[in-house]
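Secondary and tertiary structure notes
Residue-level listing of the chains:
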Amino acid sequence: MTISLTAGALLRGLSSNDFSFSPGQKFERDLTVFMIVERREAHCVIENFRSLEKKLIAMDQLYQMYLSQEIIPLREAPADMHLSEIQIHENTFKKQQIESQSSAAIKHGISVSYFIKALRALGHANLRPTPLLALDYAKISDAVIKSEATLDITIPSLDTIYRWSRKLDAVDGDMRVVIPNFAKRGGPGRRRISTEAMNALENIWNRIRNDPESKIRFFEIEKDLKKQLLSTGNQTHIFTMMPSRSTIERLTRREFGNYTICFRNHGARYAKKIFHSWFPRDRAQSPLEVVEFDDKDTRVFLIDDRSGLPYGRAFVTSGVDQYSAVPLGLSIGDKHRSTVSALDAFRRAILPKSLSDIEFAHLKNSPEFFGICSVAIFDNALYNHSKAIERATLESSGSISAWATPDTGSEKSIVEDFNNRMSSGLFAETPGFIGTKRSLDGEQHALASANMSLQVFKQRLQKWAYEIYCNTPRDGGLTPRQIWHSEMRHVHQRLPSNLDQFDFIFTVEHSVRLRPSGLEFTGLCYQSQELIELQRSCGSKFKVTFRFHPNVLSRVFILDPRSKTYFIVNSTTPNYTNALTLSQHKLIRKMTRDRGLRNPAIIQLLDAREELRLLTSQAGMSKNRKDRRWANTIGPIPASGGSSDEPIGEHEFVSELEYQINQISQIELGKLDDAWDFPEDF
């Protein structure tokens, strides 16, 4: 079974493999093709291509169909198609009646206006340079180069496009502003300051720049400017030439920068404290530009569904948008933080949420916060873990991974504030809460009061995050939900169009030599007709590269070096690999080796799996919390036949399992014969 997962796309990240639920987007469902013709708040209007029938459908239903892959987004038109849709001719500027304009100025205006309209037609409201914007900019530039249109368009830089787009927004879309020196011709613009005042300001700035000890005070600059203008002798026009305080402050900040102003006024120590890490990373100016990720120990004990007794604490990895402070994705589990939890939170931040998910069952409406981001900030991690995260974020969405310096909460101040509000507003009032880290006597009370399973805890946390936290006003008087909607009103989030490829990127890469029986690693065998043909073509000693997910051992993705595509190869023992994780398989192999079976057969592996399943089931009912925690660490193991039902009969509370559990716990889960080269927490 060959799937469209190309190796080249993984190296380049997502280029055109994303889409948005915006008007004009086409979808395919079985033999039906439909298009979104109108987008409303929580609904949209779709049109059938064959019957031209229109109907109203809820966005949550579309999201659910997209996540279950019932609908497939069709590829959008290439960038060169927009050349015919967004045409800007010279007549556009001649009608504006701008005098003294050169042909170079008109050409500059045509080029900048074209790129601004083309990028905004692709869904970019803010044209601040980001990795995602750079990809669309490259597509439009290639289309302009390859186009045979008679319109002569130069390709401006991203910084030039961003600078002129801000001027265009300041005058409410007046296209005359993209003509250079438009403000000096009497038109509106940001630089509405006389030439005399600007020359005087430059003299004041030069004096301040040449004196390293002088402070940069805006009111002093205003006084000096007024004195210089009065000294020119033109006192009758002093009020028309004198700019406002806000204009002086804006121009001075642009001239020196916030860091230099803080350094001059407050000293190096204070400036280093405020700007110690933000000089290479600007604050987000719109949603989905920067998303901060951080983990949190909830210090809330959970109970086991089987016994109703507590066994361990819950942990949360949050992804919070830096601009609006809305939580985009929450990875909730009973295991400590790891690379898997960080990538799971990143994945949840991109994909839409649906009320069909049991985690959101208690919400009134599905959360509308999701989308591909530009920069993802994580905690400082080990080398192997950071490389895995950087590769996954770049290949899945083109996002850049940034790493926060240890013990610097200001680099992730938004997610830290979210964690503090979550701890004081939810966890402190939840049964099973131990208390703060300084409290040492709250464990026994927490164990006695714990009454929530992991599933119930997830539902309660999701309800608090999206119905209480998102609707709580912040410092400016607006709630995170209001800030998000105010900036995203005319923007549609981008999503991966191929969910198979998107999930495939979060797998682990490994390589082994093929054997006559197929691909073998950790005692498991995978074989298919495509793999047999590949082995015949490349030789018997060919070293194949493949990918797999540690929690899904039933199949692997093998790279065909000839076509640079991956194809799926299923396990030859599906009864054993069904719903089995890599850590459980490694433990089962160690159990068989402890019995002297170095190369166990599949029957012996099935017997060991059944024994481990029964042992974890009994340990989950134990009165010893250590046993229950061990059982939940191993995870649920369904019966080898595929059923996860327990044997019929009454559950008994077991209290003497320590000997058997200790025997298994002493087994060292180290590297096996295949010498794995990926992080242990995968």
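Only a predicted model underlies this, so the values are computations on that prediction, with no experimental measurement involved.

**Digging into the overall build of the protein**
When helices and strands are tallied, the protein shows 26 helices and 19 strands. Relative to its full complement of 682 residues, the protein shows a buried share of 48%. Partitioning the contacts of the protein with sequence separation of at least 6, the portion at a separation of at least 24 is 68%. Counting every atom, the protein has about 35,100 Å² of accessible surface; 49% of that belongs to carbon and sulfur.

**Some thoughts on the side chain of Glu395**
Mapping Glu395 onto the fold places it in helix H15 (residues 383-397). Classification of Glu395 by relative accessible area gives buried; the value is 4%. Side chain to side chain, Glu395 and Arg391 meet in a polar contact 2.8 Å long.

**Examining the sheet that holds strand E5 (residues 43-48)**
If you trace the five strands from one edge of the open sheet to the other, you get E6-E5-E4-E3-E7, paired in antiparallel fashion. For this open sheet the edge positions go to strand E6 (54-58) and strand E7 (72-73), each flanked by a neighbour on one side alone. The strands touched by helix H2 (residues 59-67) are strand E3 (26-29), strand E4 (32-39), E5 and E6; relative to E6, the strand with the most contacts, the crossing angle is about 80 degrees.

**As for the nonpolar core**
One broad rule of soluble globular proteins: the nonpolar side chains tend to lie buried together. Of all hydrophobic cores here, the largest spans 69 residues; its most connected members are Phe21, Leu62, Phe427, Phe457 and Leu461. In this view, Phe427 contacts Lys296, Thr298, Val300, Val316, Met422, Phe433, Phe457 and Leu461; residues no more than four positions away in its chain are not counted. Listed in part, the 33 residues of the second largest apolar core include Val508, Val512, Phe548 and Phe567.

**Observations concerning the pairing of E5**
As defined by bridge partners, E4 adjoins E5 across five bridges and the pair is classed as antiparallel. Each bridged residue has a counterpart across the sheet, and for Met35 the counterpart in E5 is Glu47. Taken together, E5 and the strand that follows it, E6, pair antiparallel across an intervening segment of five residues, in which Leu52 is found at a positive phi of about 60 degrees.

**A few points about the pattern of salt bridges**
It is possible for side chains bearing opposite charge to pair when their charged atoms get close. Counted according to the given criterion, the structure contains 32 salt bridges. Across the pair Arg391 and Glu395 runs a salt bridge, and its minimum N-O distance is 2.8 Å. A residue pair is termed a helical-turn pair when its members lie 3 or 4 positions apart in one helix, as Arg391 and Glu395 do in helix H15 at four residues. Salt bridges here are not isolated pairs; linked through shared partners, they connect Asp294, Asp295, Arg337, Asp379, Lys412 and Glu416.

**A short note on the packing of aromatic side chains**
Under the criterion given, the structure shown has 26 aromatic pairs. Note on Phe21 and Tyr63: the rings are 5.2 Å apart at their centroids and 80 degrees apart in plane angle, and the pair reads as edge-to-face. One end of the pair, Phe21, is in the loop between strand E2 (18-20) and E3; the other, Tyr63, is in helix H2, with 42 residues separating them in the sequence. Accessibility assignment for this pair places Phe21 and Tyr63 in one class, buried. Members of the aromatic cluster, connected to one another through ring pairs, are Phe19, Phe21, Phe27, Phe34, Tyr63, Tyr66 and Phe370. It is Lys167 that lies over the ring of Trp164; its NZ or CZ is 4.1 Å from the centre.

**Quick notes on the side chain of Arg481**
Along the polypeptide, Arg481 turns up in helix H19 (residues 480-488). A relative accessible area of 18% places Arg481 in the buried class.

**Some details on the sheet that holds strand E9 (residues 310-321)**
Pairing between the strands of a sheet is mediated by backbone hydrogen bonds and can be parallel or antiparallel. As summarised here, the arrangement of the five strands in space is E10-E9-E8-E11-E12, forming an open sheet in which the pairing is mixed. The open sheet has two free edges, formed respectively by strand E10 (327-333) and strand E12 (400-403), since each of these has just one partner strand. Between one strand and the next, the sheet's axes are offset by a mean angle of 25 degrees, whatever the strand orientation. Relative to E10, helix H14 (residues 339-350) is tilted by about 140 degrees, and along the sheet it contacts strand E8 (290-303), E9, E10 and strand E11 (375-378). Sitting on the sheet, helix H25 (residues 625-634) touches E8 and E9, and the angle it makes with E9 is about 45 degrees.

**As for the environment of Phe34**
Inspection of the secondary structure assignment puts Phe34 in strand E4. As a C-alpha pair, Phe34 and Phe49 span 15 residues in sequence and 5.4 Å in three-dimensional space. Residues in contact with Phe34, not counting those within four places in the same chain, are Gln25, Lys26, Phe27, Arg29, Ile46, Glu47, Asn48, Phe49, Leu62 and Ile71.

**Brief notes about the environment of Leu230**
Checked against the element boundaries, Leu230 lands in helix H9 (residues 218-231). Taking the C-alpha atoms as reference points, Leu230 and Met242, separated by twelve residues in sequence, lie 10.0 Å from one another.

**Thoughts on the confidence of the model for the protein**
Summary statistics for the protein give a mean pLDDT of 78 and a share of 78% for residues scoring 70 or more. Ranking the elements of the protein by mean pLDDT puts helix H1 (residues 7-12) last with 35 and helix H18 (residues 454-468) first with 93. Throughout residues 77-100 the model reports pLDDT below 50, and contacts reaching past four residues in sequence, or to other chains, amount to 40 contacts. Within the model, pLDDT remains below 50 along residues 642-656, and this stretch shows 21 contacts once partners closer than five positions in the same chain are excluded.

**Overview of the packing of helix H11 (residues 245-256) against helix H12 (residues 258-266)**
At a minimum axis separation of 6 Å, H11 and H12 run at an interaxial angle of 95 degrees. Considering their axes alone, H11 and H12 lie roughly perpendicular with respect to each other. Mapping the contact onto sequence places Thr252, Arg253 and Phe256 in H11 and Asn258, Thr260 and Ile261 in H12. When the residues that make up the contact of H11 with H12 are grouped by side-chain class, the tally is two nonpolar, three polar and one charged.

**Remarks on the pairing of E8**
A large share of E8 lies buried, amounting to eleven of its 14 residues. Strand direction decides the pairing type here: E8 and E11, joined by three bridges, are parallel. Pairing of Glu292 across the sheet is with Ile377, part of E11. Two elements, E8 and E9, share ten bridges in a ladder whose sense is antiparallel. Bridged to Asp295 within E9 is Thr317.

**A short note on H9**
Taking 1.5 Å per residue, 14 residues should reach 20 Å; H9 reaches 20 Å between its end C-alpha atoms and fits that length. Restricting attention to buried positions, one finds in H9 the residues Phe218, Ile221, Leu225 and Leu229. The arc that holds every buried residue of H9, seen down its axis, measures 70 degrees, which confines them to one face. When the buried face of H9 is taken as reference, the exposed residues oriented beyond 90 degrees from it are Lys223, Lys227 and Ser231.

The rules behind each value
Residues numbered from 1 in each chain as written. Predicted model: local features only at pLDDT ≥ 70, side-chain atom pairs only at ≥ 80, totals over all residues. Heavy atoms only, no water. Helix = DSSP H or I, 4+ residues; strand = E, 2+ residues; numbered from the N terminus. Buried < 20%, exposed > 50% of the residue type's maximum accessible area, 1.4 Å probe, protein only. Contact = heavy atoms within 4.5 Å. Areas by Shrake-Rupley, 256 points an atom, 1.4 Å probe, with all protein chains shown as cover. Polar contact = N/O pair within 3.5 Å; in protein donor to acceptor, adjacent residues only side chain to side chain. Pairing = 2+ DSSP bridges. Axes fitted to C-alpha atoms, helices over the stretch in contact; angles between N-to-C directions. Core = buried A, V, L, I, M, F, W, Y, C linked by side-chain atoms within 4.5 Å. Salt bridge = Lys/Arg side-chain N within 4 Å of Asp/Glu carboxyl O. Phe/Tyr/Trp six-rings, centres within 6.5 Å; stacked < 30°, edge-to-face > 60°. Lys NZ or Arg CZ within 6 Å of the ring centre and 35° of its normal. pLDDT = per-residue confidence, 0-100. Parallel < 35°, antiparallel > 145°, perpendicular 65-115°, else oblique. Nonpolar A, V, L, I, M, F, W, Y, C, P; charged D, E, K, R; others polar. Expected span 1.5 Å × (residues − 1). Arc of directions from axis to C-beta.

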